[in-house]
Amino acid sequence: MVNLWEMADLSTPWALRVAATLRIADRLAEGPMEVGDLAEAVGCDAAYLRRTLTHLAGKGVFEEPEPGTFALNDAAPSSGGLRDETLRLFLDLDGVGGRMAGAWTTFLAAVRSGEPAYQELYGRSFWEDLEAHPELGESFDALMGPVGHGEFDPEILVGADWDGVTEVVDVGGGTGAALTAILRARPGVKGTLVELPGTAARAVESFAASGLSDRVTVAGGSFYDPLPAGKDVYLVRKVLNDLPDREALALLHRCAEAAGASGRVVVLG
Ligand SMILES: C[S@@+](CC[C@H](N)C(=O)[O-])C[C@H]1O[C@@H](n2cnc3c(N)ncnc32)[C@H](O)[C@@H]1O
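Please read all numbers here as calculations on a predicted model, not as lab measurements.

Reading the values: rules and limits
Residues numbered from 1 in each chain as written. Predicted model: local features only at pLDDT ≥ 70, side-chain atom pairs only at ≥ 80, totals over all residues. Heavy atoms only, no water. Pairing = 2+ DSSP bridges. Helix = DSSP H or I, 4+ residues; strand = E, 2+ residues; numbered from the N terminus. Axes fitted to C-alpha atoms, helices over the stretch in contact; angles between N-to-C directions. Contact = heavy atoms within 4.5 Å. Core = buried A, V, L, I, M, F, W, Y, C linked by side-chain atoms within 4.5 Å. Buried < 20%, exposed > 50% of the residue type's maximum accessible area, 1.4 Å probe, protein only. Phe/Tyr/Trp six-rings, centres within 6.5 Å; stacked < 30°, edge-to-face > 60°. Lys NZ or Arg CZ within 6 Å of the ring centre and 35° of its normal.

Peer 1: Please clarify how the sheet that holds strand β8 (residues 264-268) should be interpreted in this entry.
Peer 2: Think of a sheet as strands paired side by side through backbone hydrogen bonds, with each pair either parallel or antiparallel. In space, the five strands of this open sheet follow the order β6-β5-β4-β7-β8, with parallel pairing throughout. A single partner strand is all that each edge strand has here, and the edge strands are β6 (216-220) and β8. Strand-to-strand, the axes of this sheet are offset by a mean angle of 20°, without reference to chain direction. Inspection of the sheet shows strand β4 (residues 167-171) paired to strand β7 (residues 233-237) by three bridges, in the parallel sense. Within β7, the position partnered with Val169 by the bridge is Tyr234. Together, β4, β5 (190-195), β6 and β7 form the strand contacts of helix α13 (residues 177-185), whose direction differs from that of β5 by roughly 180°. Set on the sheet, helix α15 (residues 245-259) makes contact with β4, β7 and β8; between it and β8 the angle comes to about 150°.

Written out as structure tokens, the structure reads:
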């Protein structure tokens, strides 16, 4: 039987985010701490923190070896777990994690209207918000990179059929993790990355650090505008699932238009 109360309970997801944002696991890495000292160290209220951590300890995150004293355990070990940088980016309420958590409060408005409602809360669409706040954009890019999305396997792109593929466009390719993997695996291939300007600027740095600048063109702009035409492969990876149908179709039309009769559009989830 499905436990609807348990399923609907938001206290644990929020308590985890509060603990991650306050860097509680970092403090406890030095050893168990009494909650008053812990609260002073992280700059918060001891009574509220105690309730938060007692709740989490009850869920198996942290231990409370004696009342009011907290310690790391398997779910919050001294490395990894709540100290894992990528997980922390996702949970950090002061960063992009806060935007992603807050966005859920616009869910009902989106379902009612059939339109994204993020801008009602944050004043801009999600992507415009990240562009307007580079520190948020940077942490989102880090979540999208190899650490967050895993290493990209260039062979899945066009299977064994790389004959004649010399130019690949990564449409909405983040800071270029996929394109970097492709160019490393295929020395004869050149790439173009199409990204929003802030992320595009970070991609330029990333390609330079990988020594690939001379084989990549970074096009800062929108993928709803005409794409560089006549290339062999247009890669759209983990992009369509973020878009309403109308925008997803508009993007695919742009890809098809640019690919023409001889290019391929490759969509990866
Ligand atoms: C979920 S991320 C996927 C990134 C990358 N393809 C990957 O697999 O990790 C979606 C990307 O689309 C980009 N994006 C969103 N709207 C865009 C637009 N209008 N034009 C260009 N890029 C856009 C975002 O900046 C973001 O990097």
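Peer 1: Would you mind going over the nonpolar core with me for this structure?
Peer 2: One broad rule of soluble globular proteins: the nonpolar side chains tend to lie buried together. Residues Ile24, Leu28, Leu53 and Phe62 are the most contacted members of the largest nonpolar core, which totals 20 residues. Where this core is concerned, the elements lending two or more residues are α2 (11-21), α3 (24-28), α4 (35-42) and α5 (46-58). Residue contributions to this core peak at four residues, all from α4. For Ile24, the contacting residues outside a window of four places in its chain are Ala19, Leu38, Val42, Leu49, Leu53 and Phe62.

Peer 1: What is the right way to read the packing of aromatic side chains from this model?
Peer 2: This model, assessed by the stated rule, comprises seven aromatic pairs. A ring pair is formed by Trp127 and Phe140, whose centres lie 5.4 Å apart and whose planes are at 80°; its orientation type is edge-to-face. On the criterion of sequence distance, the pair formed by Trp127 in helix α10 (residues 126-132) and Phe140 in helix α11 (residues 134-144) is long-range, its members being 13 residues apart. A relative accessible area of 32% places Trp127 in the partly exposed class. Ring centres of Phe223 and Tyr224 lie 5.0 Å apart, and the angle between their planes is 90°; on these two criteria the pair is classed as edge-to-face. Aromatic rings pair up to connect Tyr118, Tyr122, Phe126, Trp127 and Phe140 into one cluster. Positioned above the aromatic ring of Phe90 is the side chain of Arg17, whose terminal nitrogen or guanidinium carbon lies 5.5 Å from the ring centre. Arg51 extends its terminal NZ or CZ atom over the ring of Tyr48, reaching a point 5.9 Å from the ring centre.

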